[in-house]
Amino acid sequence: MELMPVYFGILLISSFLCLYRIGHGPTVPDRIVGTDILGIVVVGFSALMALSTGQDFYITVGLAWTLLSFIGTLALAKFLEGRGFDE
Amino acid sequence: MSEILGNILIGIGALFVLFGTVGLVRLPDLYNRLQAATKCATLGTCSILLGVIVNRGLSAVSMKALLCIIFILLTSPTAAHALARAAHISGVKLWNKSVCDQYAEDNDRKEETTK
Amino acid sequence: MARKFFSYFCISYLFWLLLYWPFGVDRIASLQGLLVGVPVAFLVTLLFGGVFARQPEKIFQAKRYFWFLYYVPVFIYYCVLANLDVAYRVLSPEMPINPGIVKVKTSLRSRSGLTALANSITLTPGTMSVDLTEDGYIYIHWINVQTQDVEKASELIVRPFEKILKRIFE
């Protein structure tokens, strides 16, 4: 039984729900939350890609994506607080 | 055997990610959304990566997935924490049915004493 | 000083090993990976050694690792419980939530310990840390507020982790 398309479908629905929150979020922090969670979902996506295609570099993409998404969220949070990026 | 176990772990992870993002859409205010989504997406993605590790056994991919799990467990709660603090400082209100907000009370008290 | 440098070097080299994983079939590539790791870890230690942990010699105390091993299953148990809890709250039609921000007190003081505590609180049932003050209070967003008293809330939220984290990080 081939389950991989089902997993991809579930993660795709999740990403679309995140996109809904990014598009409709009533406040700016809501949109940032959507972006943050989308970043984590994409890491799961790339792990599944690594498993289903057998290409190992996808997991490295996920590793880099984790850290970049974290730094991006932190920068946006600091921007929201009204502080400089160097504090 | 390890393939079946890996598939089960990945399935659980994908379902939890779905629950988390449903929470992201359904819950009423920013703090609840952040809470539900961070918890579920973190454990869900970790479970998916764990499924990859179980599937592949001891190899370079598994080690990178392990590093990825460590990074996610360290960074995702920290990002949520920074975001919640920033949102509270920038003036996002709690849901109108919330019980209490001792953080805002203490901040008000501090401002009064410094004035 | 030398001891500090050595512990930073060990951490960096361990990270390099995990990233490169030079224990495959190809002997020459393996040797290459092991050797290239040494100057890379040395350079990283030289450049960024002063930025991170304050007391790196703690990583050589074996007792802390046993407590860490004990902490992992506890953490996973609470984490899974948290996810089932969130799934129940999100999926039930009337959404049984009762949110609020409460204040708890902790006796942990070291920076890494407080970070680990805040992260654990965020990943466990119904709670998320919002802010941390210098005198040991943590503000927590609680999805289902049971008590507004500082002592009782600390008892409910912080105690299960604090006991173990104190032995790991302090």
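Residues numbered from 1 in each chain as written. Chains lettered and ligands numbered in written order. Predicted model: local features only at pLDDT ≥ 70, side-chain atom pairs only at ≥ 80, totals over all residues. Heavy atoms only, no water.

Q: What's the story with helix H4 (residues 111–123) of chain C in this structure? I'm lost.
A: All names here are of chain C. For H4, built from 13 residues, the straight-helix expectation of 18 Å at 1.5 Å per residue is met to within 8% by its first-to-last C-alpha distance of 19 Å. With 10 of 13 residues buried, H4 is to be regarded as a mostly interior element. Buried residues of H4: Gly113, Leu114, Ala116, Leu117, Ala118, Asn119, Ser120, Ile121, Thr122 and Leu123, and no others. (Helix = DSSP H or I, 4+ residues; strand = E, 2+ residues; numbered from the N terminus. Expected span 1.5 Å × (residues − 1). Buried < 20%, exposed > 50% of the residue type's maximum accessible area, 1.4 Å probe, protein only.)

Q: Is there a simple way to explain the sheet that holds strand S2 (residues 127–132) of chain C in this structure?
A: The strand order across the open sheet built from three strands is S1-S3-S2 (chain C), with neighbouring strands paired in antiparallel fashion. Of all strands in the sheet, those bounded by a partner on one side alone are strand S1 (100–105) and S2 of chain C. The sheet shows a mean angle of 35° between the axes of neighbouring strands, direction not considered. When S1 of chain C meets strand S3 (residues 137–142) of chain C, the two strands line up antiparallel, connected through six bridges. Bridge assignment links lysine 105 of chain C to a residue of S3 of chain C, and that residue is tyrosine 137 of chain C. Along the sheet, helix H2 (residues 30–56) of chain B contacts S2 and S3 of chain C; its crossing angle with S2 of chain C, the most-contacted strand, is approximately 115°. Relative to S2 of chain C, helix H3 (residues 60–89) of chain B is tilted by about 65°, and along the sheet it contacts S1 and S2 of chain C. (Pairing = 2+ DSSP bridges. Axes fitted to C-alpha atoms, helices over the stretch in contact; angles between N-to-C directions. Contact = heavy atoms within 4.5 Å.)

Q: Please clarify how the packing of H2 of chain B against H3 of chain B should be interpreted in this entry.
A: If you want to describe how two helices pack, look at the angle between their axes and the distance between the axes. All names here are of chain B. With their axes 9 Å apart at the nearest point, H2 and H3 run at an angle of 175° to one another. By the angle class used here, H2 and H3 are roughly antiparallel. Grouping the amino acids of the contact of H2 with H3 by side-chain chemistry returns 20 nonpolar, six polar and one charged. (Parallel < 35°, antiparallel > 145°, perpendicular 65-115°, else oblique. Nonpolar A, V, L, I, M, F, W, Y, C, P; charged D, E, K, R; others polar.)

Q: Which parts of the structure should I look at to understand the nonpolar core?
A: Most often, soluble globular proteins keep nonpolar side chains buried together rather than apart. Counting residues in each nonpolar core, the largest one holds 55 residues, and the members touching the most others are Val33, Ile37, Leu48 and Ile59 of chain A together with Tyr31, Leu34 and Leu49 of chain B. Elements represented by at least two residues in this core include exactly helix H1 (4–24), helix H2 (28–53) and helix H3 (57–81) of chain A, helix H1 (2–26), H2 and H3 of chain B together with S2 of chain C. In terms of residues, this core owes the most to one element, H3 of chain B, which gives 14 residues. With near-sequence residues (within four places) excluded, isoleucine 37 of chain A lies in contact with Cys18 of chain A together with Thr21, Leu24, Ala37, Thr38 and Ala41 of chain B. Residues Ala87, Val104, Leu108 and Leu123 of chain C belong to the second largest nonpolar core, which totals 27 residues. (Core = buried A, V, L, I, M, F, W, Y, C linked by side-chain atoms within 4.5 Å.)

Q: It is not clear to me how the packing of aromatic side chains should be interpreted in this structure. Could you clarify?
A: Both the distance between ring centres and the angle between the ring planes are used here to describe each pair of aromatic rings. All names here are of chain C. For the coordinates displayed, the defined rule picks out 11 aromatic pairs over all chains. Judged by centre distance (5.3 Å) and plane angle (65°), the ring pair of tyrosine 78 and phenylalanine 161 falls under edge-to-face. In this pair, tyrosine 78 is assigned in helix H3 (residues 62–91) and phenylalanine 161 in helix H6 (residues 159–169), connecting sequence segments 83 residues apart. For tyrosine 78, a relative accessible area of 24% gives the class partly exposed. Using a relative accessible area of 2% as the deciding quantity, one classes phenylalanine 161 as buried. One aromatic cluster in this structure is built from Tyr71, Phe75, Tyr77, Tyr78 and Phe161. (Phe/Tyr/Trp six-rings, centres within 6.5 Å; stacked < 30°, edge-to-face > 60°.)

Q: Is there a simple way to explain the confidence of the model for chain C in this structure?
A: The predicted coordinates of low-pLDDT regions are not to be read in fine detail. For chain C, per-residue confidence averages 81 on the pLDDT scale, and 93% of positions sit at 70 or higher. Scored as a whole, the predicted complex attains pTM 0.87, and scored at its interfaces, ipTM 0.87. (pLDDT = per-residue confidence, 0-100.)

Q: Sorry if this is basic, but what is going on with the pairing of S2 of chain C here?
A: Within a regular strand, the side chains alternate between the two sheet faces. Residue and element names in this part refer to chain C. Judged by how many residues are buried, S2 sits mostly within the fold: five of six residues are covered. In the sheet, S2 pairs with S3 via five bridges, with the strands oriented antiparallel. Opposite leucine 132, over in S3, you have isoleucine 138 as the bridge partner. Here S2 folds back onto S3 in antiparallel fashion, the turn holding four residues, of which glycine 136 has a positive phi close to 85°.

Q: Looking at this structure, how should I read the domain arrangement of chain C?
A: Interface size is commonly expressed as the accessible area that is lost once the parts come together. Domain annotation of chain C identifies domain 1 (2–53) and domain 2 (61–169). A separation of 34 Å is found between the C-alpha centroids of domain 1 of chain C and domain 2 of chain C. (Domains from an automatic or database assignment.)

Q: Looking at this structure, I do not really get a nonpolar patch on the surface. What am I missing?
A: On the surface, Phe66, Phe68, Leu69, Val72, Ile76, Val80 and Leu84 of chain C cluster together into a nonpolar patch covering about 670 Å² of accessible area. Given a relative accessible area of 58%, leucine 69 of chain C falls into the exposed group. (Patch = residues over 30% accessible without salt bridge, like charges linked within 9 Å, V, L, I, M, F, W, Y side chains within 5 Å. Areas by Shrake-Rupley, 256 points an atom, 1.4 Å probe, with all protein chains shown as cover. Salt bridge = Lys/Arg side-chain N within 4 Å of Asp/Glu carboxyl O.)

Q: Whenever I open this one, the pattern of salt bridges confuses me. Can you help?
A: Once their charged atoms are close, side chains differing in charge can pair, the charge on each being opposite to the other. What the rule picks out here adds up to six salt bridges over all chains. Salt-bridge contacts for aspartate 56 of chain A lead to arginine 56 of chain B; the nearest nitrogen and oxygen are separated by 3.5 Å. Note that aspartate 56 of chain A is positioned in the loop between H2 and H3 and arginine 56 of chain B in helix H2, a pairing that runs across two chains. A relative accessible area of 29% means that arginine 56 of chain B is categorised as partly exposed. A salt bridge links aspartate 131 of chain C to arginine 85 of chain B; the nearest nitrogen and oxygen atoms lie 3.0 Å apart.

Q: Mind showing me how you'd approach the interface of chain C and chain B here?
A: In this complex, chain C contributes 40 residues to the contact, which on the side of chain B involves 41 residues. Between chain C and chain B lies a buried interface of about 3,900 Å² when both sides are counted; carbon and sulfur atoms form 69% of it. At the junction of chain C and chain B, the tally comes to one salt bridge. For the interface between chain C and chain B, the tally reads 10 residue pairs in polar contact (both at pLDDT 80 or more). If one sorts the elements of the side of chain C that touches chain B by residue count, H3 of chain C sits on top with 10 residues. (Buried area = accessible area lost by both parts, 1.4 Å probe. Polar contact = N/O pair within 3.5 Å; in protein donor to acceptor, adjacent residues only side chain to side chain.)

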